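Each chain, written out:
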Amino acid sequence: MGLWKVWSVMSRFNSSKRTNTILQHLTMSKHTDAAAEVLLERKGCAGVITLNRPKFLNALNLSMIRQIYPQLKKWEQDPETFLIIMKGAGEKAFCAGGDIRVISENTKTNPKMVQDFFREEYMLNNAIDSCRKPYIALIHGITMGGGVGLSVHGQFRVATEKSLFAMPETAIGLFPDVGGGYFLPRLQGKLGYFLALTGFRLKGRDVYTAGIATHFVDSEKLGMLEDDLLALNSPSKENIADVLETYHTKSKIDQDKSFVLEEHMDKINSWFSANTVEEIIENLQQDGSSFALEQLKVINKMSPTSLKITLRQLMEGSSKTLPEVLTMEYRLSQACIGGHDFHEGVRAVLIDKDQNPKWKPANLKEVTDEDLNNHFKSLGSNDLKF
């Protein structure tokens, strides 16, 4: 699942007029017309998928998933379709995630819908990863939670100076899902562990430098890039890569700017090499630098259960295949929505908006190994299967 309504948390729990406005828009999203929420078009040599909810940051819901998945499979088999492009309508977001408020509201009244959402979203994530046609995600604007799942598993991911990436799930009583347990531990050093536990935001060219995107293009050239891709004649994967590389090479925006975390990477690699969340916190405390203390302050606001789940998820996911990771994450998703912290996080961020969740357990010491093991246990016949 994703967290399109929680991206405000990524501003370090600061509320602003702009953030509140976006949250108000997102809260209204369930009233949109399902028929127009996603556009599926054949253009030139390509199948083009457009997430068409720009007023709501192209939030992903079950209806959209059920339209995208079969079309993706159809184009994958179509000899006249040579590539698939995934993009978001508007200028603000590629896709800021999935609708957690609706998930929370339906946990008791419509549990099957909640199960179906996670199950079918993860199956779509895997279908993107295994797609036999070149898949290009134009991750222009906000790309969080479920939006990451629609992009990061694709062969090509194109960022712009307006891209904003984050996985803020630990702030809402969840974990970085949609295959986060697969791609995050495979980023450079311990960067993925840092991003997962703190929800740190990457912007612009940093999304490329971190390895989330495969290419970087100036946003004003994005339309030209798409036109050039659509105009290709029976292109090979190499032809497509050449076009992307040409635009990437010509991009000059922030070309000489160092990675936002470059000066901290050695310390991040050291701090987050610990085997427990408690040890990571101890490392940050012992360091005592302003950057370390800033991360400590952020981590201390997160759900203790989510922090422990996330660290184990990444450690286990580092040696699993994507289908194995998604199966593990499906188990975790069902345990989290059946627990306390997810619903409390939704209450604190979206309903009462007091930004003061009361986590249970309230601290790391109280999150027992038994609690953790229960989140990871098999669901038997209800497990996700590929």
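One can find the structure itself at the top, above this paragraph.
In this report, we go over the structure that sits alongside the text.

1. Things to note about the pattern of salt bridges
The tally for this structure, following the rule as stated, stands at 17 salt bridges. For D383, the salt bridge is made with R331, and the minimal N-O distance between the two is 2.7 Å. Note that D383 is positioned in the segment after α17 (369–376) and R331 in helix α15 (residues 322–337), a separation of 52 residues in sequence. A cluster of three or more residues bridged by salt bridges with shared partners is formed by R66, K112, D116 and E120.

2. Thoughts on the packing of aromatic side chains
Going through the model one piece at a time under the given rule, you end up with six aromatic pairs. Aromatic pair F194 and F272: ring centres 5.6 Å apart, planes at 85°, arrangement edge-to-face. One end of the pair, F194, is in helix α7 (residues 191–198); the other, F272, is in the loop between α11 (265–271) and α12 (277–287), and 78 residues separate them in sequence. Overall, F194 belongs to the buried group, its relative accessible area being 0%. Site record: aromatic cluster; members linked through ring pairs are F194, F200, W271, F272 and F291.

3. As for the sheet that holds strand β5 (residues 135–139)
Sheet architecture is open: six strands sit in the order β1-β2-β3-β5-β7-β10, paired in mixed fashion. Looking at strand neighbours, the two that pair on one side only are β1 (38–43) and β10 (215–216), the edges of this open sheet.

4. A short note on the packing of helix α3 (residues 100–109) against helix α16 (residues 341–351)
Interaxial distance between α3 and α16 falls to 10 Å at its minimum, and their mutual angle equals 130°. When the axis of α3 is compared with that of α16, the two are oblique. In the packing of α3 onto α16, the handedness of the crossing is left-handed. Contacts between α3 and α16 involve I100, R101, I103, S104 and T107 from the first element and F342, H343, V346, L350 and I351 from the second. Each residue belonging to the contact of α3 with α16 can be placed in one class, and the counts come to six nonpolar, three polar and one charged.

5. A look at unusual backbone geometry
Of the consecutive residues K360 and P361, the connecting peptide bond is found in the cis state with omega at -5°. By secondary structure assignment, the location of P361 is in the loop between α16 and α17. Here the phi dihedral of S234 falls at roughly 45°; this positive angle occurs in a residue that is not glycine. One can find S234 in the loop between α9 (222–230) and α10 (237–250). Look at S234 and you get partly exposed, because its relative accessible area is 45%. Although it is not a glycine, K353 adopts a positive phi angle of roughly 60°. Judged by its relative accessible area of 38%, K353 falls in the partly exposed class.

6. Some remarks on the sheet that holds strand β4 (residues 93–95)
Taken in spatial order, the four strands line up as β4-β6-β8-β9 in an open sheet, and their pairing is mixed. The sheet is open, and its two edges are formed by β4 and β9 (202–203), each paired on a single side.

7. Some details on the side chain of H248
With respect to the helices and strands, H248 occurs in helix α10. Classification of H248 by relative accessible area gives buried; the value is 12%.

8. Quick look at the pairing of strand β2 (residues 46–51)
Most of β2 sits inside the fold, with six of its six residues counted as buried. With burial as the criterion, each face of β2 is covered, one bearing A46, V48 and T50 and the other bearing G47, I49 and L51. Bridging between β1 and β2 involves six bridges; their strand directions are antiparallel. Across the sheet, residue V38 finds its bridge partner in β2, namely L51.

9. Section: the packing of helix α2 (residues 62–77) against helix α4 (residues 111–130)
Viewed as axis vectors pointing N to C, α2 and α4 meet at an angle of 30°, and their least axial separation amounts to 10 Å. Comparing their axes, α4 and α2 come out roughly parallel. The handedness of the crossing between α2 and α4 comes out as left-handed. Here L62, I65, R66, I68, Y69, L72, K73 and E76 of α2 come into contact with α4, specifically with M113, D116, F117, E120, E121, M123, L124, A127, I128 and S130.

About the criteria used
- Residues numbered from 1 in each chain as written.
- Predicted model: local features only at pLDDT ≥ 70, side-chain atom pairs only at ≥ 80, totals over all residues.
- Heavy atoms only, no water.
- Salt bridge = Lys/Arg side-chain N within 4 Å of Asp/Glu carboxyl O.
- Helix = DSSP H or I, 4+ residues; strand = E, 2+ residues; numbered from the N terminus.
- Phe/Tyr/Trp six-rings, centres within 6.5 Å; stacked < 30°, edge-to-face > 60°.
- Buried < 20%, exposed > 50% of the residue type's maximum accessible area, 1.4 Å probe, protein only.
- Pairing = 2+ DSSP bridges.
- Axes fitted to C-alpha atoms, helices over the stretch in contact; angles between N-to-C directions.
- Parallel < 35°, antiparallel > 145°, perpendicular 65-115°, else oblique.
- Left-handed = near helix turned anticlockwise from the far one by under 90°.
- Contact = heavy atoms within 4.5 Å.
- Nonpolar A, V, L, I, M, F, W, Y, C, P; charged D, E, K, R; others polar.

By themselves, these figures tell us nothing about what the structure is for.
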